[in-house]
Amino acid sequence: MKKRKLALVSFLAAAALTCGIGYAAVSDTLDIQGTATVKQSDLDNSFADKVYFSAVEQTTDATKWTASINQDNNNKASFSIYSLVHKNDTQSIKYTIKNDSVHDATVSLTIPEGEAHNPQNNNPTYFEVSHDLGDGKTLIAGGTLDVTVTVKLIQDTTTTVSGSFGIEMVATAGNAVSGN
């Protein structure tokens, strides 16, 4: 009788343990009572390089510009404009930004303007740079976003002028940041 009770108690304990483990294996919710800490560096490592410039394409005469994506940091791109002569002449370049992360991202572009703050525009006297991304847009996880960068000649010239420009994409998801 004693062996039978011991076997029954052991069986019930094993069944309860098996049910608990089985529930934990199929449950998609983790309830933490207490404190869980995630370091910023863990978030950065899981998000960095997953939102990036993935392509560049012609939107105007391709003989008047060149463009590239930085191979060492695909959050940065550069382009050069050639053969603008008349005030208000423009050239446009379309970049595609891709989000390979599992998080939605808020994406913004930085194109410094003004001579004192513009190391990436080698000819700020003649050019104004703008883009159609505004203050930032949401890019869903796994999605792409096209952004057009436009360079406008802001004063007349008697010769053609050229300029080289740099842009940087910054993406945020929660507390994680991608871009430098």
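Up top is the structure these notes are about.
First, a word on what this report is: a plain description of the structure on this page. (Residues numbered from 1 in each chain as written. Predicted model: local features only at pLDDT ≥ 70, side-chain atom pairs only at ≥ 80, totals over all residues. Heavy atoms only, no water.)

1. What to know about the packing of aromatic side chains
To keep it simple, the criterion reads: Stacked, tilted and edge-to-face are the three classes assigned to paired rings of Phe, Tyr and Trp, where Trp is represented by its six-membered ring and a pair needs centres within 6.5 Å; plane angles under 30 degrees give stacked, over 60 edge-to-face, the rest tilted. Numbered from the N terminus, helices here are DSSP runs of H or I no shorter than four residues, and strands are runs of E no shorter than two. Remark: exposure states derive from per-residue accessible area (1.4 Å probe, protein chains only) relative to the maximum for the residue type, with buried under 20%, exposed over 50%, and partly exposed in between.
Scanning all chains against the criterion turns up three aromatic pairs. Geometrically, the ring pair formed by F127 and F165 is edge-to-face, given 5.4 Å between the ring centres and 80° between the ring planes. Placement of F127 in strand β6 (residues 127-131) and of F165 in strand β9 (residues 161-173) is noted, with a sequence separation of 38 residues between them. The class of F165 is buried, set by a relative accessible area of 4%. What links up through ring pairs into an aromatic cluster is the set F79, F127 and F165.

2. What to know about the pairing of β9
Rules: Note: two strands are recorded as paired if DSSP finds a minimum of 2 bridges between them.
Judged from the seven bridges that link them, strand β3 (residues 76-84) and β9 form a sheet pairing that is antiparallel. Across the sheet, residue I81 finds its bridge partner in β9, namely G163. For strand β5 (residues 105-110) and β9, the ladder comprises five bridges, and the chain directions are antiparallel. Note on β9: the bridge partner recorded for T106 is T172.

3. Points about the nonpolar core
Generally speaking, a soluble globular protein has its nonpolar side chains buried in company with each other. Condition: Side-chain atoms within 4.5 Å link the members of a nonpolar core, which is a set of buried Ala, Val, Leu, Ile, Met, Phe, Trp, Tyr and Cys residues.
In this structure, F53, F79, Y95 and V107 are the most contacted members of the largest nonpolar core, which totals 29 residues. Looking at this core, the elements with two or more residues in it are β1 (51-58), β2 (65-69), β3, β4 (90-99), β5, β6, β8 (144-153) and β9.

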